[in-house]
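Spelled out from the first residue to the last, the chains are:
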Amino acid sequence: MKKNIFLLLTSTLFILMLMYFYERREIILNKEILLNENTYIEYPYFNKKEIDNYITTYLNSYTKKQNDYLFIDYDYINESNRLNLIFYIYEENGILVKETSKNININLEEDKAKINTSISKKKKEYDYIQNKMIDINKPMIALTFDDGPNHNTSKVLNILEKYNIKATFFILGTNIKGNEKTIKRMDNLNMEIGNHMFSHKLLTKLKNEEIKNEIKKVDDSIFNIINHYPTLVRPSYGTYNKRIKSLIDRPIIIWNIDTLDWKYHSSKNIYKRVMKDVSDGDIILMHDIYSATANSLELIIPKLLKDGYQFTTVSELLYYKNIKIEKGGVYSRAR
Ligand code: ZN
């Protein structure tokens, strides 16, 4: 995975370098800075104290961050005594990449980093698994599916795959056995997998140990199938209180639009309920176990795509909307 992104970024930079190739000449030296235990990055060095200090300070502010993955490169355009230096910083967060570029204008004559800087932050969020660019200025929502999987889930996955969109599935423990292949397929399609407890009991009636056990049994079964644990928890019936919150070691995800698909098995009804209230940052509750729900997706997805909506997983939605998540915190939408 890291190799893929490295190739992607280096090829992008290579193209940029080609574009400016004829306008440049080598006037700067390279120095190295320690990025982490075994990676160094090269950075330009002018042998001019003020400029060099400025650049070192700037780069150090990044190398001190604890990123899973950080890739920094630079590009420059030299025009007589002015130099335009651009740093490209790519930070990885899960499967997303944030690109930040900083433009530094340097007057070489005055020995100053007279520094008209411009920083474009979070300009691009690149989902390199689905090869999709997420535009944080456009609306986004998260579809969530509870109580599955069952035989109908494949139909839902077929539609999501067809439109190349992601969703979040809150898996019910009693439905895991016999549906391992479906869960594996979800994971392969980069759907987010959450924990919907083992047996759909009303949690307020359970003892602490029973609640923990409801979660743990699902965690362990899912781990055995996809080799990682569910990232989020949705309690049965969306029920929570102070005690339940203290027992759940992950973010608790509720919803703000209930399609009531379990009640009205009509794809048109589900479609209307979504379209009536939908807005940026919504978390929509559906159930992948019903045929009408799958059919409604063929109405909902094309319409929302046409209206400019982007479909993300719940974790991505919270991330893009800069919502700080914590264990035991309850989230029903992202705004
Ligand atoms: Zn449920």
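Going by the structure above, here's the rest.
Computed from a predicted structure; not experimentally measured. (Residues numbered from 1 in each chain as written. Predicted model: local features only at pLDDT ≥ 70, side-chain atom pairs only at ≥ 80, totals over all residues. Heavy atoms only, no water.)

1. As for the packing of aromatic side chains
Under the criterion given, the structure shown has 5 aromatic pairs. Where Tyr319 meets Tyr320, the ring centres are 5.7 Å apart and the plane angle is 55°; that geometry is what we call tilted. The class for Tyr319 is partly exposed, based on a relative accessible area of 22%. A relative accessible area of 4% means that Tyr320 is categorised as buried. Joined through ring pairs, the aromatic side chains of Tyr58, Tyr74 and Phe87 make up one cluster. Over the face of the ring belonging to Phe198 we find Lys217, whose NZ or CZ atom lies 4.1 Å from the ring centre. (Phe/Tyr/Trp six-rings, centres within 6.5 Å; stacked < 30°, edge-to-face > 60°. Buried < 20%, exposed > 50% of the residue type's maximum accessible area, 1.4 Å probe, protein only. Lys NZ or Arg CZ within 6 Å of the ring centre and 35° of its normal.)

2. Describing the pairing of strand 13 (residues 283-287)
Taken across its 5 residues, strand 13 has 5 buried, putting it largely inside the fold. Every second residue of strand 13 is oriented toward a common face, with Ile283, Leu285 and His287 on one face and Ile284 and Met286 on the other, all of them buried. Direction of pairing for strand 8 (residues 140-146) relative to strand 13: parallel, over a ladder of 5 bridges. Looking across to strand 13, one finds that Phe145 is bridged to Met286. Sheet analysis places strand 12 (residues 257-258) next to strand 13, joined by 2 bridges and oriented parallel. (Helix = DSSP H or I, 4+ residues; strand = E, 2+ residues; numbered from the N terminus. Pairing = 2+ DSSP bridges.)

3. Thoughts on the nonpolar core
The biggest cluster of nonpolar side chains holds 35 residues, and the ones touching the most others in it are Leu143, Phe145, Leu160 and Phe169. If you list the elements that add at least two residues to this core, you get strand 8, helix 3 (153-163), strand 9 (168-171), helix 4 (180-188), helix 5 (208-226), helix 7 (267-277), strand 13 and helix 8 (291-306). In this view, Phe169 contacts Phe145, Thr153, Val156, Leu157, Leu160, Met186, Met191, Glu192, Ile193, Gly194 and Asp288; residues no more than four positions away in its chain are not counted. Among the nonpolar cores identified, the runner-up in size contains 18 residues, and Tyr43, Leu70, Tyr76 and Ile106 belong to it. (Core = buried A, V, L, I, M, F, W, Y, C linked by side-chain atoms within 4.5 Å. Contact = heavy atoms within 4.5 Å.)

4. Regarding the side chain of Thr168
Counting through the fold element by element, Thr168 comes out in strand 9. A polar contact is formed between the side chain of Thr168 and the backbone nitrogen of Val314, at a distance of 3.0 Å. Filtering out sequence-adjacent residues up to four positions away, Thr168 remains in contact with Leu143, Thr144, Phe145, Glu192, Leu232, Thr313 and Val314. (Polar contact = N/O pair within 3.5 Å; in protein donor to acceptor, adjacent residues only side chain to side chain.)

5. Remarks on the pairing of strand 9
Judged by which residues are buried, strand 9 turns out to be covered on both faces: Thr168 and Phe170 on one side and Phe169 and Ile171 on the other are all buried. Both strand 8 and strand 9 contribute to a ladder of 3 bridges, which runs parallel. For Phe145, the partnering residue across the bridge sits in strand 9 and is Phe169. With 4 bridges joining them, strand 9 and strand 10 (residues 192-195) adopt parallel strand pairing. Residue pairing in the sheet places Phe170 in a bridge with Gly194 of strand 10. Following the backbone out of strand 9, through helix 4 and into the adjacent parallel strand 10, one traces a crossover that is right-handed. (Right-handed = clockwise from strand over helix to strand, strands pointing away.)

6. Regarding helix 5
The first and last C-alpha atoms of helix 5 sit 27 Å apart over 19 residues, in line with the 27 Å expected at 1.5 Å per residue. Those residues of helix 5 lying buried are Ile211, Glu214, Ile215, Val218, Asp219, Ile222, Ile225 and Ile226. Axial view of helix 5: buried residues confined to an arc of 130°, hence all on one face. Opposite the buried face of helix 5, at more than 90 degrees from it, the exposed residues are Glu209 and Asn224. Looking at the buried residues of helix 5, the elements they touch are strand 9, helix 4, strand 10 and helix 6 (242-247). Looking one or two residues past helix 5, Asn227 carries a phi angle of roughly 70°, positive in sign. (Expected span 1.5 Å × (residues − 1). Arc of directions from axis to C-beta.)

7. Brief notes about the pattern of salt bridges
Here the structure, examined in full by the defined rule, presents 11 salt bridges. Across the pair Arg185 and Glu161 runs a salt bridge, and its minimum N-O distance is 3.0 Å. Highlighted residues: Arg185 in helix 4 and Glu161 in helix 3, separated in sequence by 24 residues. Across the pair Glu316 and Lys166 runs a salt bridge, and its minimum N-O distance is 2.5 Å. Placement of Glu316 in helix 9 (residues 314-320) and of Lys166 in the loop between helix 3 and strand 9 is noted, with a sequence separation of 150 residues between them. (Salt bridge = Lys/Arg side-chain N within 4 Å of Asp/Glu carboxyl O.)

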